[in-house]
Amino acid sequence: MSQEPIQYAADLVRDARYVVILTGAGVSKESGVPTFREAMDGLWSHYDPQQLATPHAFRANPQLVWEWYEWRRSLVSESMPNAGHMALAQLEQLHPGDILTVTQNVDDLHERAGSQRIVHLHGNIARNKCFDSCQGEPTLLDTLDATNDSKPPRCPYCGGMVRPDVVWFGETLPVHAINRAIEASQLCDVMLVIGTSGLVNPAAQLPILAAQNGASIIEVNPDTTPITPLAKVKLTGASGELLPQVIMALEV
Ligand code: BV8
Ligand code: ZN
């Protein structure tokens, strides 16, 4: 890619008081974690993720949904942060002003890359909770009864089904997370929008909110998305290749 858009993006970030980094599944793709719409390869290819990631699907076929998450968890645990995650963690260190990473991803790759100021809009695939929130919402379960090999496992408090602590379609996002993301989107001068198809709401509204409040949108994505028309700078390509170039241009 020509250096021009890279340098322009770096200049916008350097001059910003408040930077929000909004990421989607694309930022984890080079770590070997399939993007959400690709998370259905092989044995899952005949399922639609939007049909599986719902409370309805879990009630109808708890073992199938549980095994899909077990498969995705194994991919996440075998993966490592890629150069894109590392560049974003470095940006958090380098940037003198406010900076916040708002992720739609349910993996912990931003944390493992060293980013510290992170909001997870859609939960965390590695965490489990009681499907019936029997001790309150969320009833997090950090230890499961290893002797009980039922799929899904059973809640130690109420015997109900255990589910992953992620936000399914048709479920509301954690109030604290979405409120913090909305406030940051209204206040930021620059929003880096990385690796998201911009199809899932309410996350997809955040770049619109930022632009309405005068922020410059920088999109990093090999494809065109509904967010592209809002972008002051479009870096077309893989985040693992482009983000390190932006960081290098920052230091110029
Ligand atoms: C809500 C956790 C209020 C689970 C996820 C009808 C009925 C009910 C609801 C709705 C409805 N119509 C609309 C809705 C709202 C619905 C919605 O938006 N649906 C859309 C899809 C039509 N949203 C909700 O239900 C939300 N809740 O609205 O509550 C409510 C309540 C009741 C009724 C109505 C409203 C909850 C949404 C959260 C869903 N949970 N994840 C799990 O992971 O299993 S969303 C899931 O999609 C992932 O979190 C993922 O991050 C997210 C978005 O996808 P992306 O991250 O963008 O990933 P994707 O694969 O799509 O794209 C990857 C991108 O990366 C691509 O652009 C690609 O080009 C790019 N890329 C590829 N390689 C690279 C790259 N980029 C950079 N570098 C690369 N190397
Ligand atoms: Zn319970």
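Structure: above.
Summarised in this report is the structure supplied together with it. (Residues numbered from 1 in each chain as written. Chains lettered and ligands numbered in written order. Predicted model: local features only at pLDDT ≥ 70, side-chain atom pairs only at ≥ 80, totals over all residues. Heavy atoms only, no water.)

So, the coordination of the zinc ion (ligand 2)
Each donor-metal-donor angle would ideally measure 109.5 degrees in four-coordinate tetrahedral geometry, or 90 or 180 degrees in six-coordinate octahedral geometry. Applicable threshold: Note on donors: an N, O or S atom is included if it sits within 2.8 Å of the metal, or within 3.2 Å for Na, K and Ca, and water is never included, so sites can look incomplete. Only two sets of limits are used to name each site, 85 to 135 degrees for every angle of a tetrahedral four-donor site, and over 155 degrees for opposite donors with all other angles from 65 to 115 for a square planar four-donor or octahedral six-donor site, with any other site named irregular. Helix and strand assignments come from DSSP, with helices taken as H or I runs of at least 4 residues and strands as E runs of at least 2, each series counted from the N terminus.
Distances from the zinc ion (ligand 2) to its protein donors, namely Cys-130 (SG), Cys-134 (SG), Cys-155 (SG) and Cys-158 (SG), fall within the range 2.2 to 2.4 Å. With four donor atoms in place around the zinc ion (ligand 2) and angles of 103 to 113° between them, the coordination shape is tetrahedral. In primary-sequence terms, the residues that donate to the zinc ion (ligand 2) follow C-x3-C-x20-C-x2-C. Of the two residues, Cys-130 is situated in strand β4 (residues 123-130) and Cys-155 in the loop between β4 and β5 (162-166); the sequence distance between them amounts to 25 residues.

Section: the side chain of Thr-228
What counts here: Per-residue accessibility, obtained with a 1.4 Å probe over protein chains only, is compared with the maximum for each type, and a residue is labelled buried under 20%, exposed over 50%, and partly exposed between these values. In protein, a polar contact means a hydrogen-donor-capable atom and an acceptor-capable atom, both N or O and within 3.5 Å, with residues adjacent in sequence counting only if both atoms are side-chain atoms; elsewhere, any N or O pair within 3.5 Å suffices. The contact rule is simple, with two residues in contact once any of their heavy atoms fall within 4.5 Å.
For Thr-228, the location among the structural elements is in the loop between β7 (216-220) and β8 (231-235). With relative accessibility at 17%, the residue Thr-228 sits in the buried group. Engagement of the side chain of Thr-228 in a polar contact is seen with the backbone nitrogen of Thr-225, the distance being 2.8 Å. Residues within four places of Thr-228 in sequence aside, it is in contact with Glu-219, Asp-223 and Lys-234.

Let's talk about the packing of helix α1 (residues 3-15) against helix α10 (residues 239-250)
What counts, and what does not: Axis definition: a line fit to C-alpha positions, over the contact stretch in the case of helices; interaxial angles, taken between N-to-C directions, run 0 to 180 degrees. Each crossing gets its handedness from the near helix: less than a right angle anticlockwise from the far helix is left-handed, clockwise is right-handed. In the scheme used here, Gly and all other residues not listed as nonpolar or charged are polar, with Ala, Val, Leu, Ile, Met, Phe, Trp, Tyr, Cys and Pro taken as nonpolar and Asp, Glu, Lys and Arg as charged.
The geometry of α1 relative to α10 is characterised by a closest axis approach of 8 Å and an angle of 60° between their N-to-C directions. The two elements α1 and α10 meet at a crossing, and its hand is right-handed. For the pair formed by α1 and α10, the contact residues are Gln-3, Ile-6, Gln-7, Ala-10, Val-13 and Arg-14 on the first element and Leu-242, Gln-245, Val-246, Ala-249 and Leu-250 on the second. Class assignment of the residues belonging to the contact of α1 with α10 gives a composition of seven nonpolar, three polar and one charged.

Description of the nonpolar core
Which entries qualify depends on this criterion: Here, the term nonpolar core denotes a set of buried Ala, Val, Leu, Ile, Met, Phe, Trp, Tyr and Cys residues that are joined through side-chain atoms within 4.5 Å.
Core analysis: the largest hydrophobic core is formed by 26 residues, its most contacted members being Ile-218 and Leu-235. Elements with a minimum of two residues in this core: α1, β1 (18-23), α6 (83-94), β6 (190-194), β7, β8 and α10. Ile-218 has contacts with Ala-9, Leu-12, Val-13, Val-190, Met-191, Leu-192, Val-193, Val-233 and Leu-235, leaving out every residue within four places of it along the chain. In terms of nonpolar packing, the next biggest core, distinct from the first, is built from 23 residues, Tyr-18, Leu-22, Val-102 and Leu-121 among them.

A word on the sheet that holds β1
Note the threshold: By definition, two strands form a pair when at least two bridges between them are found by DSSP.
Taken together, the six strands give an open sheet; going across it, the order is β3-β2-β1-β6-β7-β8, and neighbouring strands pair in parallel fashion. One side of each edge strand has no neighbouring strand; the edge strands of this open sheet are β3 (118-120) and β8. The average angle at which neighbouring strand axes cross in this sheet is 20°, direction not considered. Relative to strand β2 (residues 98-103), β1 runs parallel, the two being bridged by six bridges. Residue Val-20 lies in a different strand from β2, and its bridge partner there is Leu-100.

What about the pairing of β1?
Of all the six residues making up β1, six are buried; the element is thus mostly covered by neighbouring parts of the structure. Every second residue of β1 is oriented toward a common face, with Tyr-18, Val-20 and Leu-22 on one face and Val-19, Ile-21 and Thr-23 on the other, all of them buried. As paired strands, β1 and β6 are joined by five bridges and run parallel to one another. Its bridge partner being in β6, Val-20 is matched across the sheet by Met-191.

Some thoughts on the site of ligand 1
Put simply, the rule is: Residue proximity to a molecule or strand is established when one non-hydrogen atom of the residue lies within 4 Å of it. Residue-level accessible areas treat just the shown protein chains as cover; the underlying method is Shrake-Rupley with a 1.4 Å probe.
Of all residues adjacent to ligand 1, which total 35 residues, the nearest are Arg-37, Tyr-69, Arg-72, Glu-171 and Ser-197. Side-chain polar atom of Thr-35 to an oxygen atom of ligand 1: 3.4 Å apart, as the coordinates give it. A distance of 2.7 Å separates an oxygen atom of ligand 1 from a polar atom in the backbone of Gly-170. When ligand 1 sits alone it has 1,400 Å² of accessible area, and the protein chains cover 76% of it. For the shell around ligand 1, the secondary-structure elements that each account for two or more residues are α2 (26-29) and α5 (62-78). Here the shell around ligand 1 is composed, by residue class, of 14 nonpolar, 15 polar and six charged.

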